[in-house]
Amino acid sequence: VRTELEAVELEDGAAVPKEFANPTDDTFMVEDAVEAIGFGKFQWKLSVITGLAWASNYAMEMMILSILAPQLHCEWRLPSWQVALLTSVVFVGMMSSSTLWGNISDQYGRKTGLKISVLWTLYYGILSGFAPVYSWILVLRGLVGFGIGGVPQSVTLYAEFLPMKARAKCILLIEVFWALGTVFEVLLAVLVMPTLGWRWLLILSALPLLLFAVLCFWLPESSRYDVLSGNQEKAIATLKRIATENGAPMPLGKLIISRQEDRGKMRDLFTPHFRWTTLLLWFIWFSNAFSYYGLVLLTTEFFQAGDVCSISSKRKAVKAKCSLTCEYLTEEDYTDLLWTTLSEFPGVLVTLWIIDRIGRKKTMALSFLVFSFCSLLLFLCVGRNVLTVLLFIARAFISGGFQAAYVYTPEVYPTATRALGLGSCSGMARVGALITPFIAQVMLESSVYLTLAVYSGCCLLAAVASCFLPIETKGRGLQESSHREWGQEMVGRGSHSPGVPRSDSGSQE
């Protein structure tokens, strides 16, 4: 309890001393401290480390799929269904583990869950480079996918250290690390594949994870998690460390300990306050992955045919082609992969510009609508140049919508279920990624227009789902307790100093 303070008279325009960060409050919450400390040197370091996890543990391992599959198709003479299974098994691993990693992060800490998943991916990523036969590479890549399912927890940890104004922009900029990771993987493949082969590519691609595993020792545990689990001293120590690194004041008074709750329970995602939100978010994440990976597969098919109207005749011409016929990736193929990756940068920039202006819900809805509109325009027999423009616009917006979902989901769930909520949504996204090859490749052989109609219709429904989300998180602090109305953490706690923003009050929209 703070003792009585002597009044201090300040000259006009003089700054309040650092030791009086919030002299009118007797207590403060983690949200107050994060807002008072602000964005500084600590968050810059955390941004780089989180981006490294995103690039090495996610982007590079996913990009390998488009390089490894054709190589093994030729080298091991695999039929096309076995090549497809090599990709699908990674998504199966991610789907089966996403909720598990979220549960671990809510039960034992964000840092713990992230560390274990990275070490898991590193171990099996290197081991897959020594696979002697197809069955071994299939099992080992599935285990790699199991580890990749824990990567979204880096966003949970990252978001819980970010002040409200910087949160959306910083999480969106992780997409830049995704693009950098995929570009690096393609360049690594250009250097390694012609001389050392795919085994060395798998081993070298896993090594950046070793750097992240070492840097994990610098990462602190989330203060929000520590407070929720009753570890007040550790939370205070972490907040003081951040304030020291940023050169910012710590709030005065006593840190409020939130009511300790059961953490990582699936039933908490379906309480009356969050049931509708969870179901809508699951469909939104499913649609995002279904459309994004579907577009990636369709792009290759459309470019090979020249335009949409030529695909049906092309399919008939190659019907009798042997499934064992293979083609190694050429320099031109690697160049196309680079251009396809770079096309996502405009989507990030557009999303970055609008997400704090129109809100998270409308940003996701707009992304789905633009993708759906571009899909409908592909019904026309457009030329190669117009086809390229439409595909790039569609990919830019669907990738931007994906990042908007990554911003919204950690913001909407309370600390006790934040990691589990994000993990379960990521798991639903992998279901969409699993299904989309059967639409973009199998259904495409029967009907191009039915395939496009499926993607367009799915995104229209997802746009409607985005509008019906009960909560808009723009301009609001992260919720600490699931036992209070959303956004009510700060109500009735006295006045705040100008340096400590107060969360908007109000129930669900």
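For the structure itself, look to the data block above.
Scope of this entry: the structure provided in the associated data block. (Residues numbered from 1 in each chain as written. Predicted model: local features only at pLDDT ≥ 70, side-chain atom pairs only at ≥ 80, totals over all residues. Heavy atoms only, no water.)

1. A closer look at the state of the cysteines
Taken as a whole, this structure holds zero disulfides when the rule is applied. Just so you know, Cys458 is unpaired, no disulfide at all, and the nearest cysteine sulfur is the one on Cys459, 5.5 Å from it. (Disulfide = S-S within 2.5 Å.)

2. A word on the packing of aromatic side chains
How two aromatic rings sit relative to each other is given by the distance of their centres and the angle of their planes. One pass over the full model with this rule turns up 19 aromatic pairs. With a centroid separation of 5.2 Å and 50° between ring planes, the pair formed by Trp120 and Tyr124 is classed as tilted. With Trp120 and Tyr124 both in helix H4 (residues 110–127) and four residues apart, the pair spans about one turn of that helix. Overall, Tyr124 belongs to the buried group, its relative accessible area being 19%. Members of the aromatic cluster, joined through ring pairs, are Trp54, Phe91, Trp285, Tyr292, Tyr293, Phe402 and Tyr406. The cationic tip of Arg241 hangs over the ring face of Trp218; the distance from NZ or CZ to the ring centre is 5.0 Å. (Phe/Tyr/Trp six-rings, centres within 6.5 Å; stacked < 30°, edge-to-face > 60°. Helix = DSSP H or I, 4+ residues; strand = E, 2+ residues; numbered from the N terminus. Buried < 20%, exposed > 50% of the residue type's maximum accessible area, 1.4 Å probe, protein only. Lys NZ or Arg CZ within 6 Å of the ring centre and 35° of its normal.)

3. Looking at the pattern of salt bridges
Oppositely charged side chains may form a pair once their charged atoms are brought near each other. Tallied over the entire structure, the rule returns six salt bridges. Notably, a salt bridge pairs Arg360 with Glu411, separated by 2.9 Å at the nearest N-O pair. With Arg360 in helix H16 (residues 360–377) and Glu411 in helix H17 (residues 384–412), this pair connects stretches of sequence that are 51 residues apart. For Glu411, a relative accessible area of 1% puts it in the buried group. Beyond isolated ion pairs, a larger network of salt bridges with shared partners links Lys169, Asp356, Arg360 and Glu411. (Salt bridge = Lys/Arg side-chain N within 4 Å of Asp/Glu carboxyl O.)

4. Looking at helix H1 (residues 30–37)
Across the eight residues that make up H1, a large majority, eight, are buried. Buried residues along H1 sit in contact with strand S1 (27–28), helix H7 (164–172), helix H10 (223–228), helix H11 (232–246) and strand S2 (254–255). Among the residues trailing H1, Gly38 stands out with phi positive, at a value near 80°. (Contact = heavy atoms within 4.5 Å.)

5. As for the side chain of Ser426
Positionally, Ser426 belongs in helix H18 (residues 418–446). Here Ser426 is in contact with Ser98, Pro152 and Trp285, once residues within four sequence places are set aside.

6. Re the packing of H16 against helix H19 (residues 448–467)
The geometry of H16 relative to H19 is characterised by a closest axis approach of 8 Å and an angle of 160° between their N-to-C directions. Taken together, the axes of H16 and H19 are roughly antiparallel relative to one another. As for how H16 packs across H19, the hand of that crossing is left-handed. Counting all contacts with H16, which are made through Lys361, Met364, Ala365, Phe368, Leu369, Phe371, Ser372, Ser375 and Leu376, the residues of H19 involved are Leu452, Tyr455, Ser456, Cys459, Leu460, Ala462, Ala463, Ser466 and Cys467. (Axes fitted to C-alpha atoms, helices over the stretch in contact; angles between N-to-C directions. Parallel < 35°, antiparallel > 145°, perpendicular 65-115°, else oblique. Left-handed = near helix turned anticlockwise from the far one by under 90°.)

7. Digging into H16
The terminal C-alpha atoms of H16 lie 26 Å apart, and with 18 residues this matches the ideal 26 Å at 1.5 Å per residue to within 8%. Those residues of H16 not exposed but buried are Arg360, Lys361, Thr363, Met364, Ala365, Ser367, Phe368, Val370, Phe371, Ser372, Cys374 and Ser375. (Expected span 1.5 Å × (residues − 1).)

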